[in-house]
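Chains, contacts and geometry: an overview
So you can see what is in the structure, the chains are spelled out below.
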Amino acid sequence: MLSAFDSAKKQLDQVVLLLEGEYQDREKLHKAIGLLKKPQNFYRKALKIKLDDGKNASFPAFRCQYNNARGPFKGGIRFHPNVSEDEMKALAFWMTVKCAVVGIPYGGSKGGVIVDPSALSSAELKRLANKYAEFITPFVGPWIDVPAPDVNTNGQIMAWMLETYEKKIGTHAPAAFTGKPIALGGSQGREEATGLGGVFVLEEYVKSKKLKVKSLTIAVQGFGNVGYWFAKLAGEAGFRVAAISDSSGGIYDKKGLDIDEIAKIKEKKGSLRINITNEELLGLDVDVLVPAALENAIQKPNAKNIKAKLVLEMANGPTTPEAEEILFKAGIDVIPDVLANAGGVTVSYFEWVQNLHGYYWTKEEVDKKLKPIMTSAFNDIQQAVEDKKAPYRKAAYFLAVKRIIDAMILRGRV
Ligand code: GLU
C-alpha cells in the first residue's frame, strides 16, 4: 500500500494532464507541480513533559507548512499514536487543496504529536499542549499559520495553546488559533461545522441526481466530532442513519438510529461495539457510506465489499488510490474529503475573520454563510465532472490545484 503522502502525490499527478490544457507555458506548470510535491517548511521537536508520577516523558511533535501561495498556512493539530512525518505532509497537502476547493484565502498546514492522549491525565495533556504551543510560537500567527483542532484535540486544547502563545508574544491574538471555545473568541457553529458542511454537500448531490432524501440510508464509520455531528445533522435533515461505529465496533439497525441515544450508550459503555464490526459496517447494504475516522479505511482488499452507491469522505484520506479505482469501476461515486469535510475549515475562516474584526456573528449568520460556500463548491465541481468526464476527486483537484498554481505564478514563484 502507498504511504499517505505517496497517495496524495498520486492524486496530484492524476490531474496534470487536465491542467496541461489550461496553461500555455507548460514549463511553468510542471515547475509548479514539482514545488507542490514537497512542503515549504517542516518543523520537528521532541516535547518533554513531566508526568503526574514525577517521571519525564518525551513525545515527537511536528508542524508541516505545505504551501502559502493563497494565504496564511492553515490546518489542525492531531494527537495520535500513528502520527508520522509522512502523514503530516499528506494532511498538510490536503489542507492546501481543501482551502482552494472552497475558495477561502489560506494555504495548508498540519501539526501533530505522536501520543496516545487517552493515556494522559488532563493535567498532563495541558502540559503537552503548552509545550506544543511553545514549540510552534516562532512560526505561527494570524498572518503566518493558523492552527486548529484535528483528531483528538478540541477547544480546550486550543485554549491552552492560545494562552501559551499570547504569553510569549505579549499581546492578545485570538486569530492565531481557530476552533477555540466561544468564551475565548471561538465562533458559533464551529464545533458542528464539519458535519453540517458534509450534510450540505450530500443534499446537493442528492438534488443533482434527482434522488429523495427520505429514501436514503447511511452508514457512518467514526464517532468523533465529525462522525457524531454528521450523523446527528443528517438524521435531522431526513436521511436514515442506519449504522455508526467507533474504533471498537458499531451498531446497525436498518430502521434507523437515534444518534443522541447512541451518544448516551457510548458514554455509559465507553465503546460502541454492539452488533457489527468496522469491516461489516463498510460492507453494509446502505446507499451512502461515510468514512469519518482516519486515513486508509477503504483499501484494495475491502473496496470490493462496498455496496453503497456513494462514498462521502468526511475523514481526511480514507480511500486509497487503488481502492478508488475499484470503486470507480463499480460505478460508486466518491465525494472527496477536500470538498466533503471542508465545512470545518470554512467556519475556522469565519472565526478568524470575526477575531480580526473583534465583532461576532450569531449561529444563524454562520450557518447562512456556510451553506452557499459548500453548495457552490459542490456545483462548480459537479460542472467539472460533467465537462471533463472526470470523477469528483479529479474534478475537485483540477479546480483547486489550478487556483493554487495561478497564485504561485502571480507571486513569481515559478
Ligand atoms: N482539522 C480540520 C481539517 O482537517 C480543520 C482544520 C482547520 O479548521 O484549520 O479540515
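Here is what the cut-offs are and how they apply
- Residues numbered from 1 in each chain as written.
- Predicted model: local features only at pLDDT ≥ 70, side-chain atom pairs only at ≥ 80, totals over all residues.
- Heavy atoms only, no water.
- 1 Å grid on protein atoms, 1.4 Å probe; cavity = no way out; pocket = protein on both sides within 12 Å on 5 of 7 lines; lining within 4 Å.
- Points joined across faces, edges and corners; volume = space filled by probe spheres on them.
- Helix = DSSP H or I, 4+ residues; strand = E, 2+ residues; numbered from the N terminus.
- Nonpolar A, V, L, I, M, F, W, Y, C, P; charged D, E, K, R; others polar.
- Axes fitted to C-alpha atoms, helices over the stretch in contact; angles between N-to-C directions.
- Parallel < 35°, antiparallel > 145°, perpendicular 65-115°, else oblique.
- Contact = heavy atoms within 4.5 Å.
- Pairing = 2+ DSSP bridges.
- Phe/Tyr/Trp six-rings, centres within 6.5 Å; stacked < 30°, edge-to-face > 60°.
- Buried < 20%, exposed > 50% of the residue type's maximum accessible area, 1.4 Å probe, protein only.
- Lys NZ or Arg CZ within 6 Å of the ring centre and 35° of its normal.
- Near = heavy atom within 4 Å.
- Polar contact = N/O pair within 3.5 Å; in protein donor to acceptor, adjacent residues only side chain to side chain.
- Areas by Shrake-Rupley, 256 points an atom, 1.4 Å probe, with all protein chains shown as cover.

What the second largest pocket holds in volume is close to 250 Å³. What lines the second largest pocket is Gln11, Gln14, Pro321, Glu324, Glu325, Phe328, Pro391, Arg393 and Lys394. Listed by contribution, the elements that provide at least two residues to the lining of the second largest pocket are α12 (321–329) and α16 (392–410). Residue contributions to the lining of the second largest pocket peak at 4 residues, all from α12. For the lining of the second largest pocket, the per-class residue count stands at 3 nonpolar, 2 polar and 4 charged.

For the pair helix α8 (residues 225–236) and helix α9 (residues 259–269), the least separation of the axes is 9 Å and the interaxial angle reads 150°. Considering their axes alone, α8 and α9 lie roughly antiparallel with respect to each other. Taking contact as the criterion, the partners of Tyr228, Ala231 and Lys232 in α8 are, on α9, Ile259, Asp260 and Ala263. Here the contact of α8 with α9 is composed, by residue class, of 4 nonpolar, no polar and 2 charged.

Now for the sheet that holds strand β1 (residues 41–50). Strand order across the open sheet formed by 5 strands is β1-β2-β4-β3-β5, with mixed pairing between neighbours. Across the chains shown, the open sheet's two edge strands, defined by having one partner strand only, are β1 and β5 (145–149). Along the sheet, successive strands turn relative to each other by an average axial angle of 20°, direction set aside. Sheet topology note: the strand β2 (residues 56–67)/strand β4 (residues 108–114) ladder contains 6 bridges and is antiparallel. Residue pairing in the sheet places glutamine 65 in a bridge with serine 109 of β4.

Time to look at the sheet that holds strand β10 (residues 310–312). Strand order in the open sheet formed by 6 strands is β8-β7-β6-β9-β10-β11, with mixed pairing between adjacent strands. Strands at the two margins of the open sheet, each flanked by one partner only, are β8 (249–252) and β11 (333–335). Adjacent strand axes in the sheet meet at a mean angle of 15° when their direction is disregarded. Pairing of strand β7 (residues 240–246) with β8 involves 4 bridges; the strand directions are antiparallel. Directly across from aspartate 246, in β8, lies its bridge partner glycine 249.

Our next topic: the packing of aromatic side chains. Scanning all chains against the criterion turns up 18 aromatic pairs. When the ring of tyrosine 106 is compared with that of tryptophan 352, the centres are 5.2 Å apart and the planes differ by 70°; the resulting orientation is edge-to-face. Of this pair, tyrosine 106 sits in the loop between α4 (85–101) and β4 while tryptophan 352 sits in helix α14 (residues 343–357), and the two are 246 residues apart along the sequence. Tryptophan 352 sits in the buried class, given a relative accessible area of 5%. Pairing tyrosine 228 with tryptophan 229 gives two aromatic rings, centres 5.2 Å apart and planes at 75°, and the pair type is edge-to-face. Under the relative-accessibility criterion, tyrosine 228 is labelled buried at 18%. Among the aromatic side chains, those forming a connected cluster through ring pairs are Tyr106, Trp143, Tyr349, Phe350, Trp352 and Trp361. Positioned above the aromatic ring of tryptophan 361 is the side chain of lysine 369, whose terminal nitrogen or guanidinium carbon lies 4.4 Å from the ring centre.

What follows deals with the site of the ligand. Close to the ligand lie 14 residues; Lys74, Lys98, Pro149, Asp150 and Ser348 are nearest. At 3.0 Å, a side-chain N or O of arginine 190 approaches an oxygen atom of the ligand. Taken by itself the ligand offers 300 Å² of open surface, and the protein chains cover 93% of this. Elements supplying a minimum of two residues to the shell around the ligand: β3 (73–80), α4, β5 and α14. For the shell around the ligand, the per-class residue count stands at 4 nonpolar, 5 polar and 5 charged.

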